[in-house]
Amino acid sequence: MKKIGVVLLNMGGPDSLDAIQPFLYNLFSDHDIIQIPKPIQKPVAFLISKIRSKKTKKYYEIMGGKSPQKEQTLQQASALQEALGEDYKVVVAMRYWHPFTQEALEELFKYDLEKIILLPLYPQYSRTTTGSSFNEFDRQIKKYIKVGKYTVLSTLKGVKNPYYYPSNIPIKKINCYYNNPDYINAMVENIKENLPKDYQKYYFLFSAHSLPEKLILDGDPYKHQTEETVKLIMENFKGVSYSLAYQSKVGPVKWLEPFTDKEIERLAKEGVKNLVVIPVSFVSEHSETLYELDYQYGNLAKELGIENYIRIPTLKTHPKFIQTLKNLVLQFI
């Protein structure tokens, strides 16, 4: 029986302290994120990863020694598999750490496939996230070569049981779903489930991963899409004050502002005592939520006199989010 392959695309994270440096090396080797001359990119990536890994190790030690993103993404895949049923095969392809795209394809091509659907776990599109994952998928798929009416991974040519798939199989790519009603409803319900009854007394601060401003000026839609997501969410919280800020800046170039920590400082100076922080561009937990939002910014808020600091958890396997993913897949059937 033919199956429809669904590939969940995510960034990935170190699954041990020893994985931090190679993870960072893979990240900084990505030309979709850091555009320096390709001949020197890998040596520069090695140097940066060597330097940053020592500092980054402290973050992960606070988090328990690893990122939980892999486990949570696999849980999302399992929940989506159950929702879609046996006519589908859901796999996970991480960009910078295991399971890599090639590993996902090797698992997927054990089945007789009708089509492949690429589903990014990035609701808002950016060339640095969804775009990079699509590019990696395209690179890996090109490693398969035609053998009769089939294609086979070139590195496996000659083995007794090679992985293969029909050479004319259609591949569908879901670019984004930042304004999808199902996604917005999932975000709203997840927020409401984690709010106190008197949430109208709280200020809502949305926090998204920042990007270099040059990318936005070059046409990357991430900023606009993130702003639209926040606007649609807040239509369900009339009368609540809110703002959007950005986190996780790396390097000396100008990035999207205001930065989340600076926005917390501004709000504290204006007398805000009750603060809800909502990660808007993440659907699983990792260093940017567990270390930056919870540890760094949570302690900062307390030091500045903010009395109540609530951080909304990411969607993970929230039933409405899994239903969102299912509906996105079904649009291509």
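Structure first, text after, so check above.
Residues numbered from 1 in each chain as written. Predicted model: local features only at pLDDT ≥ 70, side-chain atom pairs only at ≥ 80, totals over all residues. Heavy atoms only, no water.

Asks: Go over the overall build of the protein chain, please, and point to the residues and values.
Replies: Regarding its fold elements, the protein chain presents 11 helices and 11 strands. Against the compact-globule benchmark of 20 Å for 333 residues, the protein chain has a radius of gyration of 21 Å, which places it among compact chains. By principal-axis analysis of the C-alpha atoms, the protein chain measures approximately 70 × 45 × 40 Å. For the protein chain, buried positions account for 52% of its 333 residues. Within the protein chain, counting contacts between residues at least 6 apart in sequence, those at least 24 apart form 78% of the total. Here the protein chain displays about 15600 Å² of accessible surface, and carbon together with sulfur accounts for 52% of that area. Computed over 44 positive and 37 negative side-chain charges, the inter-centroid distance for the protein chain is 5 Å. (Helix = DSSP H or I, 4+ residues; strand = E, 2+ residues; numbered from the N terminus. Rg over C-alpha atoms; globule rule 2.2 N^0.38 Å. Buried < 20%, exposed > 50% of the residue type's maximum accessible area, 1.4 Å probe, protein only. Contact = heavy atoms within 4.5 Å. Areas by Shrake-Rupley, 256 points an atom, 1.4 Å probe, with all protein chains shown as cover. Lys, Arg positive; Asp, Glu negative; His and termini not counted. Charge placed at Lys NZ, Arg CZ, Asp CG, Glu CD.)

Asks: Give me the nonpolar core: which residues, what numbers.
Replies: Counting 51 residues, the largest nonpolar core has Leu-119, Tyr-177, Phe-204, Phe-206, Phe-237, Phe-321 and Leu-325 as the members making the most contacts within it. Take this core: its biggest share by element is 6 residues, from helix 6 (residues 181-193). Leaving out residues up to four positions away in the same chain, Phe-204 has contacts with Ile-191, Leu-195, Tyr-199, Met-234, Phe-237, Val-240, Ser-241, Tyr-242, Ser-243, Val-276 and Ile-278. (Core = buried A, V, L, I, M, F, W, Y, C linked by side-chain atoms within 4.5 Å.)

Asks: Report on the side chain of Asp-32, specifying residues and quantitative values.
Replies: Note on placement: Asp-32 falls in the loop between helix 1 (20-28) and helix 2 (38-62). Buried and without a salt bridge, Asp-32 has Arg-139 as its closest oppositely charged side chain, separated by 4.8 Å. At 3.1 Å, the side chain of Asp-32 forms a polar contact with the side chain of Asn-135. (Salt bridge = Lys/Arg side-chain N within 4 Å of Asp/Glu carboxyl O. Polar contact = N/O pair within 3.5 Å; in protein donor to acceptor, adjacent residues only side chain to side chain.)

Asks: Break down helix 2 for me, with residues and values.
Replies: The end-to-end C-alpha distance of helix 2 is 35 Å, a good match for the 36 Å that 25 residues give at a rise of 1.5 Å each. By the largest-angle criterion, Ser-53 marks the main kink of helix 2, which is about 45 degrees. Buried within helix 2 are the following residues: Gln-41, Ala-45, Ser-49, Ser-53, Thr-56, Tyr-59 and Tyr-60. On the buried face of helix 2, the contacting elements are helix 1 and helix 10 (287-303). (Expected span 1.5 Å × (residues − 1). Bend = angle between axes of the 7 residues up to and from the residue.)

Asks: Before we move on, can you summarise the pairing of strand 8 (residues 203-209) with the specific residues and values?
Replies: Most of strand 8 sits inside the fold, with 6 of its 7 residues counted as buried. As defined by bridge partners, strand 8 adjoins strand 10 (residues 274-279) across 5 bridges and the pair is classed as parallel. Note on strand 10: the bridge partner recorded for Phe-206 is Ile-278. (Pairing = 2+ DSSP bridges.)

Asks: Could you give an account of the pattern of salt bridges, naming the residues involved and the relevant values?
Replies: Overall, the coordinates contain 20 salt bridges when judged by the stated rule. Where Glu-235 meets Lys-231, a salt bridge forms, and the shortest distance between an N and an O atom there is 3.3 Å. Judged by relative accessible area, Glu-235 falls into the partly exposed class, the value being 40%. Since its relative accessible area comes to 41%, Lys-231 is described here as partly exposed. For Lys-262, the salt bridge goes to Glu-265, with nearest N and O atoms at 3.9 Å. Here Lys-262 and its partner Glu-265 are both found in helix 9 (residues 260-269), 3 residues apart, which amounts to about one turn of the helix. Through salt bridges with shared partners, a single network forms among Asp-30, Arg-95, Glu-136 and Arg-139.

Asks: Go over the packing of aromatic side chains, please, and point to the residues and values.
Replies: Summed over the entire model, instances satisfying the criterion amount to 9 aromatic pairs. Aromatic side chains Tyr-59 and Tyr-291 sit 4.2 Å apart centroid to centroid with 20 degrees between the ring planes, which places their arrangement in the stacked category. Of this pair, Tyr-59 sits in helix 2 while Tyr-291 sits in helix 10, and the two are 232 residues apart along the sequence. Take Tyr-59 and Tyr-291: they sit in the same class, and that class is buried. Considering the side-chain rings of Tyr-291 and Tyr-295, the 5.4 Å spacing of their centres and the 20 degrees angle between planes classify their relative orientation as stacked. Of the two residues, Tyr-291 and Tyr-295 are both situated in helix 10; the distance of 4 residues between them amounts to about one turn of the helix. (Phe/Tyr/Trp six-rings, centres within 6.5 Å; stacked < 30°, edge-to-face > 60°.)

Asks: Can you break down the side chain of Ser-281 residue by residue, with the values?
Replies: For Ser-281, the location among the structural elements is in the loop between strand 10 and helix 10. A distance of 3.1 Å separates a polar side-chain atom of Ser-281 from the backbone nitrogen of His-209. Here the side chain of Ser-281 touches Tyr-222 through a polar contact of 3.4 Å, side chain to side chain. When near neighbours in sequence (up to four residues on either side) are disregarded, Ser-281 contacts Pro-123, Gln-124, Ser-207, Ala-208, His-209 and Tyr-222.

Asks: Can you lay out the packing of helix 6 against helix 8 (residues 222-234) for me, pointing to particular residues and giving the numbers?
Replies: Closest axis-to-axis distance for the helix 6/helix 8 pair is 9 Å, and the angle between their directions is 60 degrees. Relative to helix 8, the element helix 6 is oriented oblique. Viewed along their axes, helix 6 and helix 8 form a crossing whose handedness is right-handed. Facing Tyr-183, Ile-184, Met-187, Val-188 and Ile-191 of helix 6, the residues of helix 8 in contact are Thr-229, Leu-232 and Ile-233. By residue class, the composition of the contact of helix 6 with helix 8 is 7 nonpolar, 1 polar and no charged. (Axes fitted to C-alpha atoms, helices over the stretch in contact; angles between N-to-C directions. Parallel < 35°, antiparallel > 145°, perpendicular 65-115°, else oblique. Left-handed = near helix turned anticlockwise from the far one by under 90°. Nonpolar A, V, L, I, M, F, W, Y, C, P; charged D, E, K, R; others polar.)

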